[in-house]
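What follows is each chain in one-letter form.
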Number of protein chains: 2
Amino acid sequence: MTAPRQTKQRATVLEALRVTPRFVSAQELHGVLRAGGEGTGLTTVYRHLQALAADGTVDVLRADDGESLYRICADSGHHHHLVCRHCGTSVEVEGPAVERWAVRMAEEHGFADVEHTLEIFGTCASCSRKRG
Amino acid sequence: MTAPRQTKQRATVLEALRVTPRFVSAQELHGVLRAGGEGTGLTTVYRHLQALAADGTVDVLRADDGESLYRICADSGHHHHLVCRHCGTSVEVEGPAVERWAVRMAEEHGFADVEHTLEIFGTCASCSRKRG
DNA sequence: ATCGGTTTTGACAACGGTTTTCATATGCGG
DNA sequence: CCGCATATGAAAACCGTTGTCAAAACCGAT
Ligand SMILES: [Zn+2]
Ligand SMILES: [Zn+2]
Ligand SMILES: [Zn+2]
Ligand SMILES: [Zn+2]
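Procedures and definitions
- Residues numbered from 1 in each chain as written.
- Chains lettered and ligands numbered in written order.
- Predicted model: local features only at pLDDT ≥ 70, side-chain atom pairs only at ≥ 80, totals over all residues.
- Heavy atoms only, no water.
- Helix = DSSP H or I, 4+ residues; strand = E, 2+ residues; numbered from the N terminus.
- Buried < 20%, exposed > 50% of the residue type's maximum accessible area, 1.4 Å probe, protein only.
- Contact = heavy atoms within 4.5 Å.
- Domains from an automatic or database assignment.
- Buried area = accessible area lost by both parts, 1.4 Å probe.
- Polar contact = N/O pair within 3.5 Å; in protein donor to acceptor, adjacent residues only side chain to side chain.
- Least-squares fit on C-alpha atoms with pLDDT ≥ 70 in both.
- Donors = N, O, S within 2.8 Å, 3.2 Å for Na, K, Ca; no water.
- Tetrahedral: all angles 85-135°; square planar, octahedral: opposite > 155°, others 65-115°.
- Salt bridge = Lys/Arg side-chain N within 4 Å of Asp/Glu carboxyl O.
- Nonpolar A, V, L, I, M, F, W, Y, C, P; charged D, E, K, R; others polar.
- Pairing = 2+ DSSP bridges.
- Arc of directions from axis to C-beta.
- Near = heavy atom within 4 Å.

Novice: Please give an account of the overall build of chain A that cites residues and values.
Specialist: On a plain count of helices and strands, chain A comes out with five helices and six strands. Taken along the three principal axes of its C-alpha coordinates, chain A extends 55 × 50 × 25 Å. The buried share of chain A, taken over its 132 residues, is 42%. Sequence-distant contacts, at least 24 apart, represent 47% of the contacts inside chain A between residues at least 6 apart.

Right, here's the structure in full:
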């Protein structure tokens, strides 16, 4: 459990995520880095995203097509997302009542080690305008 | 929009789903059919599951590893699931308050065409016992 | 029952996102 | 500055899923 090395690639991936206020795929991020002149390999991008997700630095969600999307959120605590299915723009939302409901459902049916996934997908105002 | 033909394979897949009270993957279902002496092809299993999911006959959810899992539910209306991550056993649950919350969040942020995904994962009583 | 068209089937190949491999490069403690 | 454990990345493997296409099966019409 030694601290990760401070490499150019790690800094580059983190910076790209911090500058991107929406959910992006590993491949998209890789493309952006390539375009920016950084020769970061796709494998390395995947590895960093995976590590960042594991330690909770980034949130992950699965798009309809199965692709994993990543984002650094302002709120480091437990929360959910309202995500635009067209551009990936997302809003962090909390629902204390939902959290309690999930726990109660689990208890009522004897389930342990409970977790839940909850995402709201829609078309954001900006994309609604562009699409009429 | 003609009715699908009544083939042996279609009946077999439907029957297998009806007899299985838990979420199963296409490959698992295919294995069961093979073991049962039915020579149903994997491609065909995928096609039927896809069609059944499209018309709402079966519910679909994505496991952590990205695999799609299918199940025929008793409740044909909108509902969510409490799923055992070990054996796939699931309970159908409803949360009217959650539905309203999701709609309200979307409205507050100007999102249209809203949908949501919500699943609760845990270890069911039976699996808890087996695992101490 | 038979025929003919349309649909369905299934072995196989292709696809696409992700992970593994492994030889090389590099951060970093001593 | 050395030594070495870790990080990198091109290429290959992986794996669930979808596309291909010739052969088989369904079904309405004859
Ligand atoms: Zn948008
Ligand atoms: Zn929650
Ligand atoms: Zn269980
Ligand atoms: Zn709902």
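Novice: Describe the domain arrangement of chain A, listing the residues and the values that go with them.
Specialist: Residues and elements named next belong to chain A. Split by domain assignment, chain A resolves into domain 1 (1-72) and domain 2 (77-132). Between the C-alpha centres of domain 1 and domain 2 the distance comes to 22 Å. Taking both sides of the interface into account, the surface hidden between domain 1 and domain 2 amounts to around 630 Å²; carbon and sulfur atoms contribute 51%. Looking at the side of domain 1 facing domain 2, the largest losses of area belong to Phe23, Leu61 and Arg71, adding up to 56% of the total buried there. On inspection of domain 1 and its partner domain 2, the count reaches five residue pairs in polar contact (both at pLDDT 80 or more). Broken down by element, the side of domain 1 that touches domain 2 gets its largest block of residues, three residues, from strand S2 (residues 59-62).

Novice: Give a description of the relation of the copies chain A and chain B that names residues and reports values.
Specialist: Rotating chain A by 180° and translating it 0.0 Å along the rotation axis places it on chain B, where the RMSD comes to 0.1 Å. Put plainly, the chains are arranged around a two-fold axis. Relative to the rotation axis, the C-alpha of leucine 118 of chain A is the closest in chain A, positioned 2.2 Å from it. Here 100% of the interface residues in chain A have copies in chain B that are interface residues too; the copies meet face to matching face.

Novice: Lay out the coordination of the zinc ion (ligand 3) with the relevant residues and their values.
Specialist: All names here are of chain B. Protein coordination at the zinc ion (ligand 3) comes from Cys84 (SG), Cys87 (SG), Cys124 (SG) and Cys127 (SG), with a distance range of 2.2 to 2.5 Å. Classification of the site at the zinc ion (ligand 3) rests on its four donor atoms, whose angles at the metal span 100 to 128°, yielding the label tetrahedral. Summarised as a motif, the one-chain spacing of the donors to the zinc ion (ligand 3) is C-x2-C-x36-C-x2-C. Here the residue cysteine 84 occupies a position in strand S4 (residues 80-84), and cysteine 127 occupies one in helix H5 (residues 125-130), the gap between them amounting to 43 residues.

Novice: Describe the interface of chain A and chain B, naming the residues involved and giving the relevant values.
Specialist: Taken together, the contact between chain A and chain B spans 36 residues of the former and 36 residues of the latter. When the two sides are added together, the surface that chain A and chain B hide from each other amounts to roughly 2900 Å², 65% of it contributed by carbon and sulfur. Among the residues chain A hides against chain B, the three largest losses belong to Trp101, Phe111 and Ile120 of chain A. Together they make up 22% of the total. Our count for the chain A to chain B interface comes out at two salt bridges. The partner of glutamate 115 of chain A in a salt bridge is arginine 85 of chain B, and the shortest N-O contact between them spans 3.7 Å. Where chain A packs against chain B, one counts 14 residue pairs in polar contact (both at pLDDT 80 or more). The set of elements that each furnish at least two residues to the side of chain A that touches chain B consists of strand S4 (80-84), strand S5 (90-93), helix H4 (96-108), strand S6 (112-123) and helix H5 (125-131) of chain A. A total of twelve residues in the side of chain A that touches chain B trace back to one element, the largest contributor, which is S6 of chain A. Its residues assigned to classes, the side of chain A that touches chain B shows 18 nonpolar, ten polar and eight charged. Across nine bridges, S6 of chain A lies against strand S6 (residues 112-123) of chain B in antiparallel orientation. Paired with isoleucine 120 of chain A across the two strands is histidine 116 of chain B, which belongs to S6 of chain B.

Novice: Break down helix H2 (residues 26-35) of chain A for me, with residues and values.
Specialist: Residues and elements named next belong to chain A. Buried residues of H2: Ala26, Leu29, His30 and Leu33, and no others. The buried residues of H2 all sit within an arc of 100° when viewed along its axis, so they share a single face. One or two steps after H2, the chain reaches glycine 37, where phi turns positive at roughly 85°.

Novice: Break down the protein's contact with DNA strand C for me, with residues and values.
Specialist: Close to DNA strand C lie 22 residues; Arg5 and Tyr46 of chain A together with Arg5, Thr7 and Arg47 of chain B are nearest. A share of 62% is what sugar and phosphate atoms reach among the atoms of DNA strand C within 4 Å of the protein. Within the contact set of DNA strand C, a phosphate oxygen lies 3.0 Å away from a side-chain nitrogen or oxygen of threonine 44 of chain B. Breaking the surface near DNA strand C down by element, the ones donating at least two residues are helix H3 (42-54) of chain A together with helix H1 (8-19) and helix H3 (42-54) of chain B. Split into classes, the residues belonging to the surface near DNA strand C amount to two nonpolar, 13 polar and seven charged.

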